[in-house]
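Summary of structural features
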Amino acid sequence: MRLQGKVCFITGAGSGMGRVAAIRFAREGARVAAVDVDGPAAEETARLADGAPGEVLPIRCDVTKEAEVAAAIRTTVDRFGRLDVLYNNAGVMLEQDRSVIDTEEAVWDKTLAVNVKGIFFCCKYGIPEMLKNGRGSIINIASFVALLGCSVPQDAYTASKGAVISLTKSLAVQFAPRGVRANAICPGPIETPLLTEWLLRDEEARRVRLSRNPTGRFGRPEDIVNMAVFLASDESEWTNGAVIVIDGGITSNYF
Ligand code: NAD
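Residues numbered from 1 in each chain as written. Predicted model: local features only at pLDDT ≥ 70, side-chain atom pairs only at ≥ 80, totals over all residues. Heavy atoms only, no water.

So the rule is basically this: UniProt positions are given in the numbering used here, feature names are shortened, and annotations may be inferred rather than shown by experiment.
The name an unreviewed UniProt entry assigns to the chain is 3-oxoacyl-ACP reductase, from the organism Caldinitratiruptor microaerophilus. Under the UniProt heading Sequence similarities (unreviewed entry), the note attached to the chain is "Belongs to the short-chain dehydrogenases/reductases (SDR) family."

**Things to note about a nonpolar patch on the surface**
For clarity, the cut-off: Excluding any residue in a salt bridge, patches collect residues exceeding 30% relative accessible area, merging like charges within 9 Å and nonpolar Val, Leu, Ile, Met, Phe, Trp and Tyr side chains within 5 Å. All accessible areas in this document rest on Shrake-Rupley with a 1.4 Å probe, and a residue is counted as covered only by the protein chains that are shown. Any Lys or Arg side-chain nitrogen found within 4 Å of a carboxyl oxygen on Asp or Glu counts as a salt bridge. Runs of H or I in DSSP of at least four residues are treated as helices and runs of E of at least two as strands, each being numbered from the N terminus. The classification of residues rests on relative accessible area computed with a 1.4 Å probe and restricted to protein chains. Under 20% of the type maximum is buried, over 50% is exposed, and intermediate values are partly exposed.
A cluster of nonpolar side chains, namely Val 100, Ile 101 and Trp 108, defines an oily patch on the protein surface of about 340 Å² accessible area. Inspection of the secondary structure assignment puts Val 100 in the loop between strand 4 (85-88) and helix 4 (105-133). When its relative accessible area of 55% is taken as the criterion, Val 100 is described as exposed.

**As for the pattern of salt bridges**
In this structure the tally under the stated criterion is 17 salt bridges. A salt bridge links Glu 55 to Arg 79, with the shortest nitrogen-to-oxygen separation between them at 2.3 Å. Taken together, the positions of Glu 55 in strand 3 (residues 55-60) and Arg 79 in helix 3 (residues 66-80) put the pair 24 residues apart, joining distant regions of the chain. When its relative accessible area of 29% is taken as the criterion, Glu 55 is described as partly exposed. With its nearest N and O atoms 3.3 Å apart, the salt bridge here joins Asp 62 to Lys 65. Residue Asp 62 is classed as buried on the basis of its relative accessible area of 17%. Salt bridges sharing common partners tie together Lys 6, Arg 135, Asp 234 and Glu 237.

**Re the site of the ligand**
Rules: Nearness of a residue to a molecule or strand requires only that one of the residue's heavy atoms be within 4 Å of it. In the analysis that follows, any N or O atom pair within 3.5 Å is treated as a polar contact, provided that within protein one partner can donate a hydrogen and the other can accept it, and provided that, for residues neighboring in sequence, both atoms belong to side chains. In this count, Pro and Cys sit with the nonpolar residues alongside Ala, Val, Leu, Ile, Met, Phe, Trp and Tyr, while Asp, Glu, Lys and Arg are called charged and the others, Gly among them, polar.
By nearness alone, 29 residues border the ligand, and Ser 15, Asp 36, Asn 89, Tyr 157 and Thr 192 come closest of all. Taking Val 37, its main chain carries an N or O atom lying 3.3 Å from a nitrogen atom of the ligand. Contact distances for the ligand include 2.4 Å between an oxygen atom and a side-chain N or O atom of Thr 192. Relative to its unbound accessible surface of 830 Å², the ligand loses 91% to contact with the protein. If you list the elements that add at least two residues to the shell around the ligand, you get helix 1 (16-27), helix 5 (155-175) and helix 6 (193-196). With 3 residues, the top contributor of residues to the shell around the ligand is helix 6. Of the residues that constitute the shell around the ligand, the class distribution is 16 nonpolar, 10 polar and 3 charged.

Below is the structure:
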């Protein structure tokens, strides 16, 4: 088991990649706080992890609310005694998010609040706990859309994920001297509710996106979670400040 004894705080653990990560981490021996704004979804994740050698503690928490994040970190440390891994995965991509010239302020604000401010709060309360042990791993989920332009834009989402990459690098240089490293994963399009609930319902949108992908398929949550297991484990002790693209080769594809 690659994460035996690690205490991991995973946000957005009620769906998609966060849920798969929470269950897999528990199977690798971790004790996991499965954090989500959707409490019943977090509880369902814990149920799905039943029988794993680790443990999953569901916590309802809106990462955009500072007091809720502070309380969720406290609950985690009270229950498990420490914090080793902060996995900032919660994110939204809203259907009304388009080009800057036709996006409402509320859509921009909500996207930035969940995708960026949420990470700020989790780091604000999570990093001091990891510094107490002199070691820790921060895994931030960005996106391949932060690395290239898109003619069908979602500008708030794109800007938010660019911020995640920049913040990751700042964290990596600040805290590695005290044992806490930070890395970002940039997933390509992964078949989770975030995509399938609206964007991929459109056959043409599906076709266009697949045509750009050399592997001919969308990603699966496991494609990303396999990397997250590595980043959470001691195997990645010297991996710091990395921006790891896992997109089936989309960002390498000129034509
Ligand atoms: P998902 O929609 O399946 O799951 C996201 C989870 O985050 C949900 O359970 C939701 O309730 C939770 N969440 C939303 N707002 C929250 C809040 N304020 N506080 C706490 N939890 C909140 O999405 P997913 O595809 O698994 O995405 C996970 C991460 O990966 C996101 O950061 C997303 O931007 C990123 N990502 C996804 C894709 C993709 O194609 N699916 C590609 C690149 C990056």
